[in-house]
Amino acid sequence: MNFASSPLPHTEPPHDCPLCLRLVAFREELRAEHPDWWNAPVPAFGDSDAWLCVIGLAPGKHGANRTGRPFTGDFAGDLLFATLAKFGLLTGSYAGTPDDGVGLTGAIICNSVKCLPPANKPVPAEIHACRPFLASQVAALPNARVFIALGQIAHQSAVKVLGGRLPKCRFGHLAEHRMPDGRMLIDSYHCSRYNQNTGRLTAEMFEAVFARAMELRL
């Protein structure tokens, strides 16, 4: 399996990042169980000249933690990459593997938490410990003017990184927040299997977020 490289290598944590003891222990457990998986902090993926930055929660166990590329190889990624393709932000044909040859044009995907958390639920200390990496990545994207936060945790991290204030920026699907420097943040329910299967998020609802991002770009 060919693992993806980061478009922003100087902003990434080390392969054996030691900051969160719980996540380190889980990583070592999975390395022993699945030695052919990525099992490390997952790097950003996309265009370093992106105007749009999609901020996710954390790697999925059988998705990014396995493949080494955000949202690649799991149910959530199927909808995300299909939507990116629909809006002309994807090159190539997504096949759910890091060697499928796809790329992003005008867009980049980052995560609030770089390592897989048990039960897909990072604790506040882990979110806080990883936020400097997200901040470094946002700072390294000079052309990014529109941001999409997938879920509440991504929303909170994005607001703080972009210089906003959480009491004034309440999370809600399709909610828009203008940051102090004029950059725009749009919220979306996360494209997780649970949200899709329960109908909390439909493909049409998700596409509406990206349609609005395209409008804000103009």
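Analysis parameters
Residues numbered from 1 in each chain as written. Predicted model: local features only at pLDDT ≥ 70, side-chain atom pairs only at ≥ 80, totals over all residues. Heavy atoms only, no water. Salt bridge = Lys/Arg side-chain N within 4 Å of Asp/Glu carboxyl O. Helix = DSSP H or I, 4+ residues; strand = E, 2+ residues; numbered from the N terminus. Buried < 20%, exposed > 50% of the residue type's maximum accessible area, 1.4 Å probe, protein only. Contact = heavy atoms within 4.5 Å. Expected span 1.5 Å × (residues − 1). Core = buried A, V, L, I, M, F, W, Y, C linked by side-chain atoms within 4.5 Å. Pairing = 2+ DSSP bridges.

Things to note about the pattern of salt bridges
Enumeration over the complete set of coordinates arrives at 9 salt bridges. With its nearest N and O atoms 3.0 Å apart, the salt bridge here joins R69 to D100. Residue R69 is found in the loop between α2 (64-67) and α3 (75-86), and its partner D100 is found in the loop between β3 (90-91) and β4 (103-104); the two are separated by 31 residues along the sequence. By the burial criterion, R69 is buried, and D100 matches it. R183 is the salt-bridge partner of D181, the closest N and O atoms lying 2.8 Å from each other.

A short note on the environment of E207
Its place among the elements puts E207 in helix α7 (residues 203-217). Sequence-distant contacts of E207, that is, excluding residues within four places in its chain, are made with T83, K86 and F87.

Brief notes about α3
Spanning 12 residues, α3 covers 17 Å between terminal C-alpha atoms, matching the ideal 16 Å at 1.5 Å per step. Looking at α3, one finds that the buried residues are A76, G77, L79, L80, F81, T83 and L84. Along its buried surface, α3 packs onto β1 (45-46), β3, β4, β5 (107-111), α6 (193-197) and α7.

What to know about the nonpolar core
Grouped together as the largest cluster of nonpolar side chains are 28 residues, with contacts concentrated most on L52, F81, L84, C191 and F210. Looking at this core, the elements that each hand over two or more residues are β2 (52-56), α3, β5, β6 (146-150) and α7. Among the elements that make up this core, the one with the highest residue count is α3 (5 residues). Apart from residues lying up to four places away in sequence, L84 is in contact with L89, L90, L104, A107, I109 and F210. Ranked by size, the runner-up nonpolar core spans 21 residues in total, among them A50, C110, V159 and M179.

Structural notes on the pairing of β5
Of all 5 residues making up β5, 5 are buried, and the element is well covered by its neighbours. Alternating positions in β5 separate into two faces, A107, I109 and N111 on one and I108 and C110 on the other, with burial throughout. Strand direction decides the pairing type here: β1 and β5, joined by 2 bridges, are antiparallel. Bridge pairing in β5 links G46 to I108. Sheet analysis places β2 next to β5, joined by 5 bridges and oriented parallel. Note on β5: the bridge partner recorded for V54 is I109.

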